[in-house]
Amino acid sequence: TEKRLRLVENRRWKKEAEDCGAQMEEIHQEHTRRLEIIEGLSVDYASIFYADLDADTIQAYRTSSRIRHTFGRAQSAAQSFSAFASEYIRRWVCPEDREVMKKALDPVCLRARLAEQQVFLVNYRVLQQNRLECLQLQAVKVNNRLSQIVLGVRSIDEELRNERKKTEVLADALRQSQAAVVAKNAFLSNMSHDIRTPMNAIVGFTALARKHIDDQEKLRGYLDMITISSDQLLQLLSDVLEISRIEAGRSRLDETACDLREIAEEARATLLPRAVEKRIALTTDIRRLTAPGVLADRPQLCQVLVRLVSNAVKYTAEGGHVSILLEELPSAAKGYGLYR
């Protein structure tokens, strides 16, 4: 009977030992899984700590190279939280941010902040290899206990740079938009003035034509002036329509084969009568043009060049000289030419 009882007892002990071992293995596996989850979720954090504010202790779960020597090899060993915070601020934090960090790591402040919110964040700067690096400290309370917290430290340098880039892009877009509005307003103001000039000419020469209806020579001259003014008016209206198409995103460039020398000569021929009236010498210089044959929107290119030359003739004093210079510059883009 005693032998049977001992066998039963041994079996019971063995079963309890096996159950205990299975429970310990399950606990170990669960602990490992939790550590893996923490490791995955905290991949962005260079340093992670567990602090007990009541006991004034701090333990390191992960440390950056900056403060690894502070904990040594035994990172899990507890240290004084207040001493660690004081030494960290004194040694690493930028002098301009030390007061902010002293307040942020003060146990009274930490409890007050975490009583109001689940997570408390503070940004500060440290000196890293002779340059300033922006870091962010995140404090999270554990199980809603204000004395036990987890601290994480991560770099936010790249985030701040991206934010600055976004801000610069938005500011640049705003400046461009404002400049476009100013340019459009100036264009419309000038256009209304420019439209009035050919309109007045048309009205005036029409009145003169009616007055001298029987004088064929004068009538022909007036009609020629009306035709010229009408062409100018149509061109101005076409410009207004082109502005509307550009703003609507419907502007299109039609590339055709053209010769830059012909375009320059065309611009000169167009403005030559006006230059002669002001006794202005109007010449072209294409000696620096090595490859004049290009694919381009010929009408648009002619229009731009005519306007530039027209302004030059308009604002050059009588007896002056206007030169149309075309030259080819070095171009890094294969298949494209750079011209001035």
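Scroll up a little and you will see the structure.
Note that this is a predicted model, so its numbers are computed, not measured.

Draft legend 1. Structural context of the overall build of the protein chain. Of the regular secondary structure elements, the protein chain holds 9 helices and 11 strands. Taking all 340 residues of the protein chain together, the buried fraction comes to 27%. Partitioning the intrachain contacts of the protein chain with sequence separation of at least 6 by distance along the chain shows that 54% fall at a separation of at least 24. Only carbon and sulfur atoms are counted for the fraction: they give 56% of the accessible area of the protein chain, which is about 23,600 Å².

Draft legend 2. Local environment of the packing of aromatic side chains. Taken as a whole, this structure holds 4 aromatic pairs when the rule is applied. Measuring from centroid to centroid gives 5.3 Å for F49 and F84, while their planes differ by 55 degrees, and the two rings are tilted. Placement of the pair is F49 in strand β1 (residues 47-52) and F84 in helix α3 (residues 81-91), with a sequence separation of 35 residues. Each member of the pair F49 and F84 is classed as buried. Relative to Y124, the ring of Y88 lies with its centre 6.4 Å away and its plane at 80 degrees, an arrangement referred to as edge-to-face. Residue Y88 is found in helix α3, and its partner Y124 is found in strand β4 (residues 119-128); the two are separated by 36 residues along the sequence.

Draft legend 3. How the structure looks around the side chain of S310. Counting through the fold element by element, S310 comes out in helix α9 (residues 298-315). A relative accessible area of 17% places S310 in the buried class. Setting aside residues up to four positions removed in sequence, S310 forms contacts with L271 and R274.

Draft legend 4. Geometry of the pattern of salt bridges. Counted by the stated rule, this structure contains 14 salt bridges. Its salt-bridge partner being D97, residue R125 comes within 2.9 Å of it at the nearest N-O pair. One end of the pair, R125, is in strand β4; the other, D97, is in the loop between α3 and α4 (98-104), with 28 residues separating them in the sequence. R125 gets classed as partly exposed once you look at its relative accessible area, which sits at 28%. By relative accessible area, which is 11% here, D97 ends up buried. Linking E327 and R340 is a salt bridge whose minimum nitrogen-to-oxygen distance equals 2.8 Å. Remark: R340 occurs in the segment after β11 (338-339) and E327 occurs in strand β10 (residues 321-329); sequence separation between them is 13 residues. On the basis of relative accessible area, E327 is assigned to the buried category, the value being 10%. When its relative accessible area of 58% is taken as the criterion, R340 is described as exposed.

Draft legend 5. Molecular detail of the sheet that holds β11. Ordered in space as β8-β10-β11, the 3 strands form an open sheet in which the pairing is mixed. Edge positions in the sheet fall to β8 (281-288) and β11, since each of these pairs with one other strand and no more. For β10 and β11, the ladder comprises 2 bridges, and the chain directions are antiparallel. Across the sheet, E328 pairs through a bridge with Y339, a residue of β11. Against the sheet, helix α8 (residues 260-277) engages β8, β10 and β11, with an angle of about 170 degrees to β8.

Draft legend 6. Summary view of the nonpolar core. Grouped together as the largest cluster of nonpolar side chains are 28 residues, with contacts concentrated most on F81, Y88, M101, Y124, L137 and L151. Mapped onto this core, the elements with two or more residues apiece are β1, β2 (57-62), α3, α4, α5 (107-116), β4, β5 (131-142) and β6 (145-155). The dominant element in this core, judged by the number of residues it contributes, is α3, at 5 residues. Formed by 19 residues, the second largest nonpolar core is a distinct cluster that contains A264, A275, L282 and L305.

Draft legend 7. Structural detail: unusual backbone geometry. Not every positive phi belongs to a glycine, and D56 is a case in point at roughly 55 degrees. Examined against the element boundaries, D56 turns out to sit in the loop between β1 and β2. Looking at D56, the relative accessible area reads 27%, which means it is partly exposed. A positive phi is found at R279, a non-glycine position, where the angle reads about 55 degrees. In this structure, R279 sits in the loop between α8 and β8.

Draft legend 8. Structural detail: the sheet that holds β6. Within the open sheet, the 6 strands sit side by side as β3-β2-β1-β6-β5-β4. Their pairing is antiparallel. What marks the edges here is a single partner per strand, and that holds for β3 (79-80) and β4. Note that β1 and β2 share 5 bridges and pair antiparallel. The residue of β2 that forms the bridge with A51 is I58. Packing of helix α6 (residues 157-211) onto the sheet brings it into contact with β5 and β6, and relative to β5 it is tilted by some 110 degrees.

Draft legend 9. Local environment of α6. Taking 1.5 Å of rise per residue, the 55 residues of α6 would be expected to cover 81 Å, and the 80 Å separating its terminal C-alpha atoms lies within 8% of that figure. Of all the positions in α6, only D157, M191, P198, A201, I202 and A209 are classed as buried. Elements in contact with the buried residues of α6: β5, β6 and α7 (216-247).

Procedures and definitions
- Residues numbered from 1 in each chain as written.
- Predicted model: local features only at pLDDT ≥ 70, side-chain atom pairs only at ≥ 80, totals over all residues.
- Heavy atoms only, no water.
- Helix = DSSP H or I, 4+ residues; strand = E, 2+ residues; numbered from the N terminus.
- Buried < 20%, exposed > 50% of the residue type's maximum accessible area, 1.4 Å probe, protein only.
- Contact = heavy atoms within 4.5 Å.
- Areas by Shrake-Rupley, 256 points an atom, 1.4 Å probe, with all protein chains shown as cover.
- Phe/Tyr/Trp six-rings, centres within 6.5 Å; stacked < 30°, edge-to-face > 60°.
- Salt bridge = Lys/Arg side-chain N within 4 Å of Asp/Glu carboxyl O.
- Pairing = 2+ DSSP bridges.
- Axes fitted to C-alpha atoms, helices over the stretch in contact; angles between N-to-C directions.
- Core = buried A, V, L, I, M, F, W, Y, C linked by side-chain atoms within 4.5 Å.
- Expected span 1.5 Å × (residues − 1).

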